[in-house]
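The chain contents come next:
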Amino acid sequence: MKVEKFITGIISTNCYLAIHEESKRAVIIDPAACPPGLLRYMKDERIEPEAILLTHAHFDHIMGIDGILDKYRVPVYVHEKDMKMLEDPQWNQSSVYTGGYTYSGAAGVRDGQVLPLAGMNFRVLHTPGHTPGGCCYYVEDAGVLFSGDTLFQASVGRTDFPGSSMSDLIQGIREKLLVLPENTLVYPGHMGETTIGYEKQNNPFI
């Protein structure tokens, strides 16, 4: 797996392109926007996306969906407990920071579900707390975790939103993430990459 990061949207969200290098197929994770650089990269490298994965349904992780779907007709996946948030501009905060954005038609996923996409297996790890349906996507063969706004480098996601819970967030991190191999590379929704081992030793929240 090759991972390309595109910092997008008004809150500098990390949008990731997870690429199967042999086939040039890919998965797009958390498109906060649909920047020309992302589309140009996929065109120039002849990369074909197969799906959009959402770690949660806050506006700063979803507002590029329509732009991508204008070019590529691919399915969109979100945890089933965030599906209503995806369709509610007040709950997903888009009406607070923008003119409002919603998307309907996503497919719901559940904890433990494995999504075989682009020649890779993405395991859904439900880690509520930042949002009720917040989740991470773990690709065991690659040793990679896309953690969204659950786990950051030396930090964790905010829990001052409707539907948030700090206790749920910390429980999910401890039970679902910290049990992963310590060399697992973590790609968070904001800021820089980290590893599970680093967070076990240095994250003051856990």
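As a reminder, the structure under discussion sits directly above these lines.
Residues numbered from 1 in each chain as written. Predicted model: local features only at pLDDT ≥ 70, side-chain atom pairs only at ≥ 80, totals over all residues. Heavy atoms only, no water.

In this structure, what is going on with the sheet that holds strand S10 (residues 144-148)? I would like to understand it.
Strand pairing in a sheet is mediated by backbone hydrogen bonds. Such pairs are either parallel or antiparallel. With respect to topology, 6 strands assemble into an open sheet ordered S7-S8-S9-S10-S13-S14, the strand pairing being mixed. Looking along the sheet, the strands with just one partner apiece sit at the ends: strand S7 (114-117) and strand S14 (194-195). Both strand S13 (residues 185-188) and S14 contribute to a ladder of 2 bridges, which runs antiparallel. Pairing of Leu-185 across the sheet is with Thr-195, part of S14. (Pairing = 2+ DSSP bridges. Helix = DSSP H or I, 4+ residues; strand = E, 2+ residues; numbered from the N terminus.)

Is there a simple way to explain the sheet that holds strand S4 (residues 48-53) in this structure?
Here we have 6 strands laid out as an open sheet, ordered S1-S2-S3-S4-S5-S6, and mixed in their pairing. Only two strands of the sheet have a single neighbouring strand rather than two, namely strand S1 (2-8) and strand S6 (107-109). Across the sheet, the axes of successive neighbouring strands diverge by a mean angle of 25°, strand direction being ignored. When S1 meets strand S2 (residues 13-20), the two strands line up antiparallel, connected through 7 bridges. For Ile-7, the partnering residue across the bridge sits in S2 and is Asn-14. (Axes fitted to C-alpha atoms, helices over the stretch in contact; angles between N-to-C directions.)

Mind showing me how you'd approach the nonpolar core here?
Inside soluble globular proteins, nonpolar side chains tend to come together where they are buried. Counting 27 residues, the largest nonpolar core has Leu-17, Ile-52 and Ile-65 as the members making the most contacts within it. Secondary-structure elements contributing two or more residues to this core are S2, strand S3 (25-29), helix H1 (36-44), helix H2 (65-71), strand S5 (76-79) and helix H3 (83-86). Ranked by residues supplied to this core, first place goes to H1 with 4 residues. Those residues in contact with Ile-65 that sit more than four places away from it in its chain are Pro-31, Ile-52, Leu-54, Val-76, Tyr-101 and Tyr-103. Among the nonpolar cores identified, the runner-up in size contains 21 residues, and Ile-29, Leu-115, Ala-118 and Cys-135 belong to it. (Core = buried A, V, L, I, M, F, W, Y, C linked by side-chain atoms within 4.5 Å. Buried < 20%, exposed > 50% of the residue type's maximum accessible area, 1.4 Å probe, protein only. Contact = heavy atoms within 4.5 Å.)

What am I meant to see in H1 here?
In an α-helix there are 3.6 residues to a turn, and that puts residues three or four apart on one side. Of all the residues in H1, the buried ones are Leu-38, Leu-39, Tyr-41 and Met-42. Buried residues in H1, looked at end-on, bunch into an arc of 160°, giving them a common side. Turned more than 90 degrees away from the buried face of H1 sit Pro-36, Lys-43 and Asp-44, all of them exposed. Those residues of H1 hidden inside the fold are in contact with S1, S2, S3, S4 and H2. (Arc of directions from axis to C-beta.)

Would you mind showing me how to read a nonpolar patch on the surface here?
A cluster of nonpolar side chains, Ile-10, Ile-11, Val-96 and Tyr-97, forms an exposed patch at the surface whose accessible area comes to about 400 Å². Turning to its location among the elements, Tyr-97 is positioned in helix H4 (residues 94-97). Given the relative accessible area of 44%, Tyr-97 is considered partly exposed. (Patch = residues over 30% accessible without salt bridge, like charges linked within 9 Å, V, L, I, M, F, W, Y side chains within 5 Å. Areas by Shrake-Rupley, 256 points an atom, 1.4 Å probe, with all protein chains shown as cover. Salt bridge = Lys/Arg side-chain N within 4 Å of Asp/Glu carboxyl O.)

Is there a simple way to think about the packing of aromatic side chains in this case?
How two aromatic rings sit relative to each other is given by the distance of their centres and the angle of their planes. Evaluated as defined, the whole model comprises 5 aromatic pairs. Relative to Phe-146, the ring of Tyr-16 has its centre 5.6 Å away and its plane inclined at 55°; by these criteria the two rings are tilted. Highlighted residues: Tyr-16 in strand S2 and Phe-146 in strand S10, separated in sequence by 130 residues. Using a relative accessible area of 2% as the deciding quantity, one classes Tyr-16 as buried. In this structure Phe-146 comes out as buried when scored by relative accessible area, which is 1%. Measuring from ring centre to ring centre gives 5.6 Å for Phe-146 and Tyr-187, while their planes differ by 25°; the resulting arrangement is stacked. Remark: Tyr-187 occurs in strand S13 and Phe-146 occurs in strand S10; sequence separation between them is 41 residues. Of the residues examined, Tyr-187 reaches a relative accessible area of 13% and is grouped as buried. (Phe/Tyr/Trp six-rings, centres within 6.5 Å; stacked < 30°, edge-to-face > 60°.)

Honestly, the pattern of salt bridges in this entry has me stumped. Any pointers?
Side chains carrying opposite charge are able to pair once their charged atoms draw close together. This structure, assessed with the given rule, holds 8 salt bridges. With a shortest N-O distance of 3.9 Å, Lys-24 and Glu-45 are connected by a salt bridge. Here Glu-45 lies in the loop between H1 and S4 and Lys-24 lies in the loop between S2 and S3, a separation of 21 residues in the sequence. When its relative accessible area of 34% is taken as the criterion, Glu-45 is described as partly exposed. Between Arg-25 and Glu-50 there is a salt bridge; the shortest N-O distance is 3.0 Å. In this pair, Arg-25 is assigned in strand S3 and Glu-50 in strand S4, connecting sequence segments 25 residues apart.

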